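What follows is each chain in one-letter form.
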Amino acid sequence: MLKTLLAGLALAAATFMAGSASAQSTWDPKITDKDYVLGKADAPVTVLEFASFTCPHCAAFTNDVLPQIEKSYIDTGKVKVVFRQFPLNGLDLRAGMMARCAPRDQYFNITKVLFKQQQSWALSDPNAALSALAQIAGMAGLPKDKFDACLADNTIADGIVNGMQAAQTEYQVNATPTFVVEGEKLEGEASFDTFKALFDKKLAEKGVATN
């Protein structure tokens, strides 16, 4: 009787552990058609990037590290990056609204310009900053009248804020940049070598060659 009970407990424990391992290895980034994805949809490794357009560390990542990731991992079909805005202030929110209102195929071009030129608009007085954003929007195909209408659209603002709140709830994001790589969280500015080590580990776990 005791042996039977112990065997049953052992089986239950093994089943629980197997279920836990399975749950840990299955990560759902919940990508929808509203997300902005850099890379191939079937890339084996998914990265969620939570960033603020006025964050200097986010700019450093986009300007210095992302090009290396694009060349080595995104362009080769191994990694895709899902960009999710995490606004830290009202100007940041408006920059993201503008990026969403421009033609969708221009989104990542706009984000790169926003980060590249961050010091010229994010540190300006409010009027100059909005003027700079309107100029960037115009170059991306969003004329001034549509730019003004975009910034007055509370639905767009709510969508960004809701995304920020979801990031806080699901991943405890409280600073930018924050990255989630196949369920593993990486906070703050990091070098390309740090990302490379993490990507290679995740690719190896999936049986994908890293060379």
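Structure report, in brief.

1. Here's the deal with the side chain of Gln-118
Link 1 in the chain: Looking at the secondary structure, you find Gln-118 in helix H5 (residues 118–121).
Link 2 in the chain: Side-chain polar atoms of Gln-118 contact the backbone oxygen of Phe-53, separated by 2.8 Å.
Link 3 in the chain: Residue contacts for Gln-118: discarding those within four places in its chain leaves Phe-53, Thr-54, Cys-55, Pro-56, Ala-59 and Leu-123.

2. Some words on the side chain of Ser-52
Link 1 in the chain: Within the fold, Ser-52 resides in the loop between strand E2 (45–51) and helix H2 (56–74).
Link 2 in the chain: Residue Ser-52 is classed as buried on the basis of its relative accessible area of 0%.
Link 3 in the chain: Look past the residues within four positions of Ser-52 in its chain and what remains in contact with it is Cys-58, Phe-86, Leu-88, Asp-92, Phe-115 and Thr-176.

3. Considering the state of the cysteines
Link 1 in the chain: Tallied over the entire structure, the rule returns 1 disulfide.
Link 2 in the chain: In this model Cys-101 forms its disulfide with Cys-150; the gap between the sulfur atoms is 2.0 Å. Of note, the bridge from Cys-101 to Cys-150 carries an S-S torsion of about 85° and is right-handed in sense. Residue Cys-101 is found in helix H3 (residues 90–101), and its partner Cys-150 is found in helix H7 (residues 144–151); the two are separated by 49 residues along the sequence.
Link 3 in the chain: Judged by its relative accessible area of 2%, Cys-150 falls in the buried class.

4. Notes on the pattern of salt bridges
Link 1 in the chain: Tallied over the entire structure, the rule returns 10 salt bridges.
Link 2 in the chain: As a salt-bridge pair, Lys-112 and Glu-70 come within 3.2 Å of each other at their nearest N and O atoms. Here Lys-112, found in helix H4 (residues 107–116), pairs with Glu-70, found in helix H2; they are 42 residues apart in sequence, far enough to count as distant.
Link 3 in the chain: Of the residues examined, Lys-112 reaches a relative accessible area of 29% and is grouped as partly exposed.
Link 4 in the chain: Among the salt bridges present, the one from Glu-184 reaches Lys-201, with a minimum N-O distance of 2.9 Å.

Procedures and definitions
Residues numbered from 1 in each chain as written. Predicted model: local features only at pLDDT ≥ 70, side-chain atom pairs only at ≥ 80, totals over all residues. Heavy atoms only, no water. Helix = DSSP H or I, 4+ residues; strand = E, 2+ residues; numbered from the N terminus. Polar contact = N/O pair within 3.5 Å; in protein donor to acceptor, adjacent residues only side chain to side chain. Contact = heavy atoms within 4.5 Å. Buried < 20%, exposed > 50% of the residue type's maximum accessible area, 1.4 Å probe, protein only. Disulfide = S-S within 2.5 Å. Salt bridge = Lys/Arg side-chain N within 4 Å of Asp/Glu carboxyl O.

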